[in-house]
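One letter stands for each residue in the lines below.
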Amino acid sequence: MVSRTRVRESAIAALKAERVRDAMLSITFVGRAAISALNRRYLGHRGPTDVISFGLGRPGKRGAVIGDIYICPEIARDNAKRQGVPIGEEILRLVVHGTLHVLPPERRAPLP
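Quantities reported herein were computed from a predicted structural model and do not represent experimental measurements.

Peer 1: Is there a simple way to think about the packing of aromatic side chains in this case?
Peer 2: The description of an aromatic ring pair rests on the distance of the ring centres and on the angle between the ring planes. Enumeration according to the criterion identifies 2 aromatic pairs in this entry. Their ring planes at 75 degrees and their centres at 5.2 Å tell us that Tyr42 and Phe54 sit as a pair that is edge-to-face. Note that Tyr42 is positioned in helix H2 (residues 32–43) and Phe54 in strand S2 (residues 51–55), a separation of 12 residues in sequence. A relative accessible area of 45% places Tyr42 in the partly exposed class. An angle of 75 degrees between the planes, with centres 6.1 Å apart, marks the rings of Phe54 and Tyr70 as edge-to-face. Of the two residues, Phe54 sits in strand S2 while Tyr70 sits in strand S3 (residues 65–71), which places them 16 residues apart along the sequence. Across the pair, exposure class does not vary: Phe54 and Tyr70 are buried alike. Aromatic ring contacts, followed pair by pair, group Tyr42, Phe54 and Tyr70 into a single cluster.

Structure, rendered in structure tokens:
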């Protein structure tokens, strides 16, 4: 699928693009049952989803970005098939998507 190195590089690239210099993220790959449980418990939604992110704390513009990202490869595989893209590409898109969702709004770079 995707190497640990590519996952790490994708998250770092997203953070750099948002001008984040200090961050600590965990990226965990889970099955349908685990992502469904997280989705229900923390977001109040039924069923599985592709990615869920939790920003831990609101450090402001200068503090470290800390967060947890959970990705379900099974759902990513379904999405990739539906969109006609390789599974690895979809996984990396979810890594970037999850990383951006960890950022508090005040840390997000303005759009050009």
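After that view, the rundown keeps rolling.
Peer 1: Could you clarify how one ought to interpret the environment of Ser26 in this entry?
Peer 2: Considering the arrangement of structural elements, one finds Ser26 in strand S1 (residues 23–29). The exposure class assigned to Ser26 is partly exposed, which follows from its relative accessible area of 27%. Not counting residues up to four positions away in its chain, the partners in contact with Ser26 are Gly67, Asp68 and Ile69.

Peer 1: Any chance you could explain the sheet that holds S3 here in plain terms?
Peer 2: Overall, mixed pairing links the 3 strands, which are arranged S1-S3-S2 in an open sheet. Sheet topology places S1 and S2 at the edges, where each strand pairs with a single neighbour. When strand polarity is set aside, the average angle formed by the axes of neighbouring strands in this sheet is 15 degrees. Relative to S3, S2 is paired through 5 bridges, and the arrangement is antiparallel. Within the sheet, the bridge partner assigned to Ile52 lies in S3 and is Tyr70.

Each value, and the rule that gives it
- Residues numbered from 1 in each chain as written.
- Predicted model: local features only at pLDDT ≥ 70, side-chain atom pairs only at ≥ 80, totals over all residues.
- Heavy atoms only, no water.
- Phe/Tyr/Trp six-rings, centres within 6.5 Å; stacked < 30°, edge-to-face > 60°.
- Helix = DSSP H or I, 4+ residues; strand = E, 2+ residues; numbered from the N terminus.
- Buried < 20%, exposed > 50% of the residue type's maximum accessible area, 1.4 Å probe, protein only.
- Contact = heavy atoms within 4.5 Å.
- Pairing = 2+ DSSP bridges.
- Axes fitted to C-alpha atoms, helices over the stretch in contact; angles between N-to-C directions.

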